[in-house]
Amino acid sequence: MAGGVGFGRMDIRTSASTAYRSCGTCRMGSDHTAIVDSELRVRVMDSLRIIDASVIPTIPSTNIHAASIMIAEKGSDLLIGKTV
Ligand SMILES: Cc1cc2nc3c(=O)[nH]c(=O)nc-3n(C[C@H](O)[C@H](O)[C@H](O)COP(=O)(O)OP(=O)(O)OC[C@H]3O[C@@H](n4cnc5c(N)ncnc54)[C@H](O)[C@@H]3O)c2cc1C
């Protein structure tokens with residue numbers, strides 16, 4: 001549905017969808033609004049990492065399963081202290 005005259009909140013509610021790409025609820029970043037840092041550590045908490053699609057910073061216009069696997073691989077390396 002294209003935006004335009006008369007396009008409103010109700011139109012968004014009835015037509016918007018995640019399209020199975022739910023992500024970004026715990027965004028990774030370096031600014032103060034980010035939930036995890038670049039090593040997936042939750043800010044202001046000790047010993048807690050988030051390793052799933054929720055850390056993807058912005059919603060991509062593509063499938064995110066491969067990115068989720070990559071995040072998991074990187075996260076597991078970080079957990080065991082492996083540097084590549
Ligand atoms: C129908 C569908 C089709 C899709 N098709 C594609 C596709 O073709 N290509 C693609 O790239 N992506 C696809 N995706 C997206 C992709 O599957 C997801 O983005 C990806 O699996 C997200 O990985 P995740 O680890 O973040 O979350 P999930 O895969 O949802 O894993 C979360 C895990 O946490 C567990 N869990 C939840 N709550 C708790 C709790 N309290 N305690 C313990 N465990 C808990 C769940 O059981 C689950 O195993 C699809 C998604 C859906 C829903």
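Scroll up to find the structure this text is about.
Treat the numbers as computed from the prediction; the structure is a model and nothing was measured. (Residues numbered from 1 in each chain as written. Predicted model: local features only at pLDDT ≥ 70, side-chain atom pairs only at ≥ 80, totals over all residues.)

K.L.:
Quick question: what am I supposed to make of the overall build of the protein chain here?
P.N.:
Each helix and strand counted, the protein chain has 2 helices and 0 strands in total. Over its C-alpha trace the protein chain gives a radius of gyration of 16 Å, far above what one expects of a compact globule, namely 12 Å for 84 residues. Its C-alpha atoms give the protein chain principal-axis dimensions of about 55 × 25 × 15 Å. For the protein chain, buried positions account for 7% of its 84 residues. Counting contacts in the protein chain only where the partners sit at least 6 residues apart, residues at least 24 apart contribute 42% of the total. (Helix = DSSP H or I, 4+ residues; strand = E, 2+ residues; numbered from the N terminus. Rg over C-alpha atoms; globule rule 2.2 N^0.38 Å. Buried ≥ 20, exposed ≤ 12 C-beta atoms within 10 Å, placed from the backbone. Contact = placed C-beta atoms within 7 Å.)

K.L.:
In this structure, what is going on with the site of the ligand? I would like to understand it.
P.N.:
The environment of the ligand is made up of Tyr20, Arg21, Asp52, Ala53, Asn63, Ile64, His65, Ala66 and Ser68. Residue composition of the shell around the ligand, by class: 4 nonpolar, 3 polar and 2 charged. (Near = placed C-beta within 6 Å. Nonpolar A, V, L, I, M, F, W, Y, C, P; charged D, E, K, R; others polar.)

K.L.:
What should I look at first to understand helix H2 (residues 65-80) in this one?
P.N.:
An α-helix turns once per 3.6 residues; consequently, residues spaced three or four apart project the same way. For H2, with 16 residues, the first-to-last C-alpha span of 23 Å sits near the 22 Å given by 1.5 Å per residue. The buried fraction of H2 is low, at 1 of 16 residues. Just past H2, the residue Gly81 takes up positive phi, approximately 75 degrees. (Expected span 1.5 Å × (residues − 1).)

K.L.:
I would appreciate a short explanation of the environment of Ser61 in the present structure.
P.N.:
Within the secondary structure, Ser61 is located in the loop between helix H1 (9-15) and H2. As a C-alpha pair, Ser61 and Ser47 span 14 residues in sequence and 32 Å in three-dimensional space.

K.L.:
I'm lost on the nonpolar core in this one. Help?
P.N.:
Side chains that are nonpolar tend, in soluble globular proteins, to be buried together. Judged by nonpolar contacts, Cys23, Val36, Leu40, Val55, Ile56 and Ile71 together constitute the single largest core of 6 residues. Not counting the four nearest positions on each side in its chain, Cys23 is found in contact with Ala53, Ser54, Ile56, Ile59 and Ile64. (Core = buried A, V, L, I, M, F, W, Y, C linked by C-beta atoms within 7 Å.)

K.L.:
Mind showing me how you'd approach the environment of Asp11 here?
P.N.:
Within the secondary structure, Asp11 is located in helix H1. A tally of 12 C-beta atoms within 10 Å means that Asp11 is categorised as exposed. Separated by 72 residues in the primary sequence, Asp11 and Thr83 have C-alpha atoms spaced 48 Å apart.

K.L.:
Honestly, unusual backbone geometry in this entry has me stumped. Any pointers?
P.N.:
Comment: phi is negative for the bulk of residues other than glycine, and the bulk of peptide bonds are trans. Of note, the phi angle at Leu40 is positive, near 65 degrees, even though the residue is not glycine. Along the polypeptide, Leu40 turns up in the loop between H1 and H2. A residue is classified by how many C-beta atoms lie within 10 Å of it, and Leu40, with 20 of them, is buried. Non-glycine residue Val44 carries a positive phi angle of around 60 degrees.

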